[in-house]
Amino acid sequence: MELLSATLARVKPSPTIAVTTKAAELKAAGRDIIGLGAGEPDFDTPQNIKDAAVAAIAAGKTKYTAVDGIAELKQAICAKFKRDNGLDYKPSQVSVGTGGKQILFNALMATMNPGEEVVIPAPYWVSYPDMVLLAGGTPVIAPATLEDNFKLTPAALEAAITPKTKWFIFNSPSNPTGAGYSRDELKALTDVLMRHPHVWVMSDDMYEHLAYDGFEFCTPAEVEPALYERTLTTNGVSKAYAMTGWRIGYAAGPEKLISAMRKIQSQSTSNPCTISQWAAVEALNGTQDYISENNKMFVRRRNLVVKMLSEIDGITCPTPEGAFYVYPSIAGLIGKTTAAGTRITNDEEFATALLEETGVAVVFGAAFGLSPNFRVSYATSDDALKEACTRIQKFCAKLT
Ligand SMILES: Cc1ncc(COP(=O)(O)O)c(C=O)c1O
């Protein structure tokens with residue numbers, strides 16, 4: 001009998017993790033590598049949050065908790081949804097998991113049946129399609145183009161919906177493009193969803209607080225209150241509070257769905273790390289001041305990267321509203337040959353040659369469902385970004 005499952009054969013490992021691993025291996029082997037692949041802030045978790053975790057350990061808060069989160073954290077999450085999004089949720093409508101990733105996974109595992117579809121706009125976060133496949137569903141990719149600043153049009157959403165659609169996954173600001181939907185742009189999408197009452201909405205608001213130039217974040221259940229009853233609003237502390245390693249994500253939605261997600265979690269991981277939950281209470285209830293400080297740094301870095309990449313002939317790099325990614329197109333470089341003699345016919349070859357010939361690690365666009373592009377994470381120092389962009393400029397200048 002075959003050891004590995006048929007389900008496993010349907011999914012692939014995360015390409016972003018693969019790029020980060022490859023860059024780390026080359027670095028360990030002594031190569032001069034600049035990694036622009038990682039999806040996490042380069043600064044440390046704020047001190048007040050670390051202190052809360054230490055205090056939790058000292059107070060012996062080190063045992064199992066309720067499966068989907070302690071009451072104090074659920075209260076803090078309800079207060080956050082009210083404060084930031086104008087959304088009213090009761091603690092019984094809240095689920096806390098081991099990262100935003102587990103929350104999304106639980107929701108899909110709890111709801112998908114074979115043959116049912118999930119509409120995912122591309123470019124997408126790499127895990128969405130594979131999570132849908134693991135849960136037994138079928139991803140339906142709805143393309144968004146560079147011309148539309150990587151934002152899904154209402155017509156493209158309408159075209160992707162069928163009678164089998166169970167979920168529409170929405171992510172703004174987006175990983176990998178940084179694109180953030182304005183209220184009007186989102187309303188145009190929720191108007192489409194209002195015409196299809198069988199479709200549920202999974203809003204991944206992970207990059208909510210990483211928004212620049214006065215961009216006003218909005219989320220579907222807030223923009224169209226009539227969607228509240230069929231929306232799961234998901235979020236987490238990973239990106240805004242530089243807490244990627246603490247593994248706390250959360251969601252709020254209808255009780256029936258939240259209790260189904262609890263059932264999945266109760267038979268897989270049980271509660272998320274107790275100490276991290278107490279740290280997350282402080283993250284949500286404590287000062288939020290450093291978010292705007294960090295954002296000033298991110299804007300500066302975004303502008304630096306967009307400027308330097310836009311100076312390259314053959315690269316088009318839109319300026320995104322948020323997150324810490326840019327997603328330049330290399331359409332003008334396809335068919336050219338590198339100094340080392342590699343002909344670039346797609347974005348994966350571009351990223352591989354860039355890494356081998358210059359030591360700069362980026363993630364190729366095909367991994368995110370829209371080519372020919374690459375993703376740069378600018379969550380690294382200004383000096384590293386300047387050096388990386390200079391290397392990319394030189395690499396491209398030598399293309400023939
Ligand atoms: C769009 C998006 N959603 C969810 C996550 C998952 O975050 P977490 O680290 O909390 O699992 C990520 C992390 O990269 C992300 O980019």
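### A word on the site of the ligand
Moving on, step 1. Residues in close proximity to the ligand total 13 residues, the closest being Gly-100, Asp-204, Tyr-207, Ser-238 and Lys-239.
Moving on, step 2. Calculation on the ligand without its partners gives an accessible area of 390 Å², and the protein chains cover 92% of this total.
Moving on, step 3. The element contributing the most residues to the shell around the ligand is helix α5 (residues 99-111), with three residues.
Moving on, step 4. Of the residues belonging to the shell around the ligand, the class tally is four nonpolar, five polar and four charged.

### Looking at the side chain of Arg-375
Moving on, step 1. Examined against the element boundaries, Arg-375 turns out to sit in strand β12 (residues 374-377).
Moving on, step 2. Nearest to the buried, unbridged Arg-375 among oppositely charged side chains is Glu-40, at 10 Å.
Moving on, step 3. Within the structure, Arg-375 has its side chain in polar contact with the side chain of Asn-175 (distance 2.7 Å).

### What to know about the packing of helix α13 (residues 347-358) against helix α14 (residues 382-397)
Moving on, step 1. Closest axis-to-axis distance for the α13/α14 pair is 11 Å, and the angle between their directions is 110°. Considering the angle they form, α13 stands roughly perpendicular to α14. Packed against α13, whose contacting residues are Phe-350, Ala-353, Leu-354, Glu-357 and Thr-358, the element α14 presents Arg-391, Ile-392, Phe-395 and Cys-396 at the interface.
Moving on, step 2. Of the residues that constitute the contact of α13 with α14, the class distribution is six nonpolar, one polar and two charged.

### Things to note about the domain arrangement of the protein chain
Moving on, step 1. Partitioning the protein chain into domains gives domain 1 (6-44 + 290-395) and domain 2 (63-285).
Moving on, step 2. Between the C-alpha centres of domain 1 and domain 2 the distance comes to 26 Å.
Moving on, step 3. Each partner contributes to the interface: domain 1 provides 37 residues, whereas domain 2 provides 37 residues.
Moving on, step 4. In this assembly, domain 1 packs against domain 2 so that about 3000 Å² is buried in total across both faces, 61% of it on carbon and sulfur atoms.
Moving on, step 5. Counting the surface domain 1 buries against domain 2, the share from its top three residues, Arg-10, Glu-321 and Phe-368, is 20%.
Moving on, step 6. Across the domain 1-domain 2 interface, the total number found is three salt bridges.
Moving on, step 7. Where Lys-12 meets Asp-130, a salt bridge forms, and the shortest distance between an N and an O atom there is 2.7 Å.
Moving on, step 8. In this structure, the connection of domain 1 to domain 2 is made through 16 residue pairs in polar contact (both at pLDDT 80 or more).
Moving on, step 9. Where the side of domain 1 that touches domain 2 is concerned, the elements lending two or more residues are α1 (6-10), α2 (15-28), α12 (289-310) and β9 (325-326).
Moving on, step 10. Per-element tally for the side of domain 1 that touches domain 2: the top contributor is α12, with six residues.
Moving on, step 11. Here the residues of the side of domain 1 that touches domain 2 sort into 20 nonpolar, 10 polar and seven charged.

### Side note on the nonpolar core
Moving on, step 1. In this structure, Leu-108, Leu-232, Leu-309, Phe-350 and Cys-396 are the most contacted members of the largest nonpolar core, which totals 77 residues.
Moving on, step 2. With seven residues, the single largest contributor to this core is α12.
Moving on, step 3. Contact partners of Phe-350, with chain neighbours within four places excluded, come to Ile-330, Leu-333, Ile-344, Phe-374, Phe-395 and Cys-396.
Moving on, step 4. Grouped together as the second largest cluster of nonpolar side chains are 29 residues, Ile-77, Val-237, Tyr-250 and Ala-283 included.

### Some points on the sheet that holds strand β8 (residues 249-252)
Moving on, step 1. If you walk across this open sheet you meet the seven strands as β2-β8-β7-β6-β5-β3-β4, and the pairing is mixed. Among the strands making up the open sheet, the edge pair consists of β2 (94-97) and β4 (138-143). Direction aside, neighbouring strands of the sheet carry axes that sit 20° apart on average.
Moving on, step 2. Across four bridges, β2 lies against β8 in antiparallel orientation. In the strand pairing of β8, Gly-97 is matched with Gly-249.
Moving on, step 3. Across the face of the sheet, helix α6 (residues 127-134) comes into contact with β3 (117-122), β4, β5 (165-171) and β6 (200-204) while running at roughly 155° to β4.

### Describing the pairing of β12
Taken residue by residue, a regular strand's side chains alternate between the two faces of the sheet.
Moving on, step 1. Where burial is concerned, the two faces of β12 agree: the one with Phe-374 and Val-376 and the one with Arg-375 and Ser-377 are both buried.
Moving on, step 2. As paired strands, β9 and β12 are joined by two bridges and run antiparallel to one another. Bridge assignment links Tyr-325 to a residue of β12, and that residue is Ser-377.
Moving on, step 3. As paired elements, strand β11 (residues 363-364) and β12 share two bridges and run antiparallel to each other. In the strand pairing of β12, Phe-364 is matched with Phe-374.

### Thoughts on the pairing of strand β7 (residues 231-236)
Moving on, step 1. Burial analysis of β7 places six of its six residues in the buried class, the great majority of the element.
Moving on, step 2. With four bridges connecting them, β6 and β7 associate as parallel partners. Its bridge partner being in β7, Val-201 is matched across the sheet by Thr-231.
Moving on, step 3. Strand direction decides the pairing type here: β7 and β8, joined by four bridges, are antiparallel. Directly across from Gly-236, in β8, lies its bridge partner Gly-249.

Here is what the cut-offs are and how they apply
- Residues numbered from 1 in each chain as written.
- Predicted model: local features only at pLDDT ≥ 70, side-chain atom pairs only at ≥ 80, totals over all residues.
- Heavy atoms only, no water.
- Near = heavy atom within 4 Å.
- Areas by Shrake-Rupley, 256 points an atom, 1.4 Å probe, with all protein chains shown as cover.
- Helix = DSSP H or I, 4+ residues; strand = E, 2+ residues; numbered from the N terminus.
- Nonpolar A, V, L, I, M, F, W, Y, C, P; charged D, E, K, R; others polar.
- Buried < 20%, exposed > 50% of the residue type's maximum accessible area, 1.4 Å probe, protein only.
- Lys, Arg positive; Asp, Glu negative; His and termini not counted.
- Salt bridge = Lys/Arg side-chain N within 4 Å of Asp/Glu carboxyl O.
- Polar contact = N/O pair within 3.5 Å; in protein donor to acceptor, adjacent residues only side chain to side chain.
- Axes fitted to C-alpha atoms, helices over the stretch in contact; angles between N-to-C directions.
- Parallel < 35°, antiparallel > 145°, perpendicular 65-115°, else oblique.
- Contact = heavy atoms within 4.5 Å.
- Domains from an automatic or database assignment.
- Buried area = accessible area lost by both parts, 1.4 Å probe.
- Core = buried A, V, L, I, M, F, W, Y, C linked by side-chain atoms within 4.5 Å.
- Pairing = 2+ DSSP bridges.

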